[in-house]
Amino acid sequence: MLSVISYPVFAISVVLALVLSISLFPVGWFEFRPEWLGLVVFYWTFRAPAQFGILLAWFLGLLLDVLEATPLGVNAMAMGLIAFLVLTIHQRLRMYPMPQQCLMVFLLLGINQMLVHFIKQVLGAEGDTGFGYLWPAATSAVIWPVVCVLLDNINRKLG
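Residues numbered from 1 in each chain as written. Predicted model: local features only at pLDDT ≥ 70, side-chain atom pairs only at ≥ 80, totals over all residues. Heavy atoms only, no water.

A closer look at the packing of helix α5 (residues 98–122) against helix α6 (residues 135–158)
- One way to put it is that α5 packs onto α6 with a least axis distance of 8 Å and a crossing angle of 140 degrees. As the angle between them shows, α5 and α6 are arranged oblique. At the point where α5 passes α6, the crossing takes the right-handed sense. Contacts between α5 and α6 involve M98, Q101, C102, V105, F106, L109, G110 and Q113 from the former and P136, A137, A138, S140, A141, W144, P145 and C148 from the latter.
- Tallied by class, residues from the contact of α5 with α6 come to 12 nonpolar, 4 polar and no charged. (Axes fitted to C-alpha atoms, helices over the stretch in contact; angles between N-to-C directions. Helix = DSSP H or I, 4+ residues; strand = E, 2+ residues; numbered from the N terminus. Parallel < 35°, antiparallel > 145°, perpendicular 65-115°, else oblique. Left-handed = near helix turned anticlockwise from the far one by under 90°. Contact = heavy atoms within 4.5 Å. Nonpolar A, V, L, I, M, F, W, Y, C, P; charged D, E, K, R; others polar.)

Following this line, the structure appears as structure tokens:
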């Protein structure tokens, strides 16, 4: 848990995550794009659970819904679920070493991806029938140590 929270770092990280979420990726790599907003919600809920919670995560998910032109509430519900799950385990999560944190990032963002995929399939979206929708959770888990250390260092210097 961080002792001092830098709100400008929070705002910049959210804007950067939203921009990266809608940025163009090469066609062959699109399915491997990390879940940037999910990582940011995970990080801030994990590091500052008293300041950043379910309602803020829901609002950020709603912004992502608007940016991606998906049905309103799909990403909002998924981001709220991520925040809820992180809030329930954040004290244990702080004790985990980094590889175990990466596994938890994969599991929680995988739940997020499954929920979004399920809702989109129920609403009639065309898509994969396999487990290809879990690639963003896997790549997010791989880059979690970099995101965590980077945001920790920036927050310490500016906070």
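Read on, since the account is not over.
So, the environment of F42
- Considering the arrangement of structural elements, one finds F42 in helix α2 (residues 36–47).
- The sequence separation of F42 and M79 amounts to 37 residues, and the corresponding C-alpha distance is 8.8 Å.
- Apart from residues no more than four positions distant in its own chain, F42 is found in contact with I82, V86, L93, M104, V105, L108 and W144.

Structural notes on the nonpolar core
- In this structure, L37, V41, F42, W44 and W144 are the most contacted members of the largest nonpolar core, which totals 36 residues.
- For this core, the leading source of residues is α2, giving 8 residues.
- When neighbours within four sequence positions are excluded, W144 is seen to be in contact with L39, F42, Y43, F46, M98, Q101, C102 and V105. (Core = buried A, V, L, I, M, F, W, Y, C linked by side-chain atoms within 4.5 Å. Buried < 20%, exposed > 50% of the residue type's maximum accessible area, 1.4 Å probe, protein only.)

Observations concerning the side chain of E35
- Looking at the secondary structure, you find E35 in the loop between α1 (7–22) and α2.
- Buried within the structure, E35 lacks any salt-bridge partner; its nearest side chain of opposite charge belongs to R33, at an N-O separation of 6.8 Å.
- E35 has contacts with L64, M79, L109, N112, Q113, P136 and S140, leaving out every residue within four places of it along the chain. (Lys, Arg positive; Asp, Glu negative; His and termini not counted. Salt bridge = Lys/Arg side-chain N within 4 Å of Asp/Glu carboxyl O.)

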